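Geometric and topological summary
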Amino acid sequence: MRRQSARALLAAGTIAAALSLSVPAATAAGTWTVTGGPSFTAAPAPETTFTLTDTTSNLTFTCTLGVGAGSVIDQSGGTNTAVGQLTGSSFGSSTHKCNGPLGSTGTITQKAGTRATIIVVSYNLSAGIVTLTITGVDFVLTINSLLGTCMAEIKGTLGAIYNNATHLLQFTAAGTNLKVVSTSGACAGILKVNDALTFTTGSGGWIITGSPDAWIEFAQP
């Protein structure tokens, strides 16, 4: 059977040269096959910002640097199917710190040894858009301020979309469900346990590069 295909998730190459117009505009169910793994890296596009927002206190923590790495499993499946893992990520660094409330600075890092699961929620093959959730997220937020150092552990789910045309993965408020599960140090007035948070990107996002393959492809019969 002739197969219609579109490069959809975690791509670093160009869009497939002959994307068939007969693919449905929005595919919410059915079977697809993903190929092109097994690993990927992520780096910020120019002018990208990553913003952690405490929606309980309406305070924000913004980073201009963010990198990640993970893996994708070659497989077939439908929506709500796990396709890979985010094995490491960090936002901000010792030389490019994130900026937070009350003049604070710091970093966000994925807790060592944790793996977050990447799940396909829906996909639009003709537009080259895949909607994702990333579950099992475990971040450690370190904030330095005049009051001292605050450390907080944040757990939950990230919402994201991948755009095949721009090769960008963007984090979205939709689909995100994060919560502060613990704090220590000088966190008063900044964060507290059970605060709800979102994590979003601005106009940029993560540029995704596959390895050893140049791209990862979704195809539908």
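Just above sits the structure.
To start, this report covers the structure provided alongside it.

Cut-offs and rules
- Residues numbered from 1 in each chain as written.
- Predicted model: local features only at pLDDT ≥ 70, side-chain atom pairs only at ≥ 80, totals over all residues.
- Heavy atoms only, no water.
- Disulfide = S-S within 2.5 Å.
- Helix = DSSP H or I, 4+ residues; strand = E, 2+ residues; numbered from the N terminus.
- Buried < 20%, exposed > 50% of the residue type's maximum accessible area, 1.4 Å probe, protein only.
- Core = buried A, V, L, I, M, F, W, Y, C linked by side-chain atoms within 4.5 Å.
- Contact = heavy atoms within 4.5 Å.
- Salt bridge = Lys/Arg side-chain N within 4 Å of Asp/Glu carboxyl O.

1. Quick notes on the state of the cysteines
Counting across every chain of the model gives 2 disulfides. Each disulfide pairs two cysteine sulfurs, and for Cys63 the partner residue is Cys98, the sulfurs being separated by 2.0 Å. Because the sign of the S-S torsion sets the handedness, a value of about 105° for the bond joining Cys63 and Cys98 places this disulfide among the right-handed ones. Highlighted residues: Cys63 in strand S5 (residues 59-63) and Cys98 in strand S9 (residues 98-99), separated in sequence by 35 residues. Across the pair, Cys98 and Cys63 agree in class, each one buried. Cysteine pairing for the protein (bonded cysteines numbered in sequence order): 1-2, 3-4.

2. Brief notes about the nonpolar core
Side chains of nonpolar character tend, in soluble globular proteins, to be buried together. Ranked by size, the top nonpolar core spans 40 residues in total, and within it Leu52, Phe91, Ile108, Phe171, Phe199 and Trp206 carry the most contacts. A per-element tally of this core places strand S12 (residues 129-145) first, with 7 residues. Excluding residues that lie within four positions of it along the chain, Phe91 makes contacts with Phe50, Cys63, Leu65, Gly66, Cys98, Thr107, Ile108, Phe139, Phe171, Phe199 and Trp206.

3. Looking at the pattern of salt bridges
By the definition in use, this model includes 2 salt bridges. For Lys111, the salt bridge is made with Glu153, and the minimal N-O distance between the two is 3.3 Å. Note that Lys111 is positioned in the loop between strand S10 (105-110) and strand S11 (116-124) and Glu153 in strand S13 (residues 148-163), a separation of 42 residues in sequence. Here Glu153 falls in the buried class, since its relative accessible area comes to 15%. Between Asp195 and Lys192 there is a salt bridge, with the nearest N and O atoms lying 3.1 Å from each other. Residue Asp195 is classed as buried on the basis of its relative accessible area of 2%.

4. Considerations on the environment of Ala82
Examined against the element boundaries, Ala82 turns out to sit in strand S8 (residues 81-91). Counting along the chain gives 37 residues from Ala82 to Ile119, while the straight-line C-alpha distance between them is 4.2 Å.

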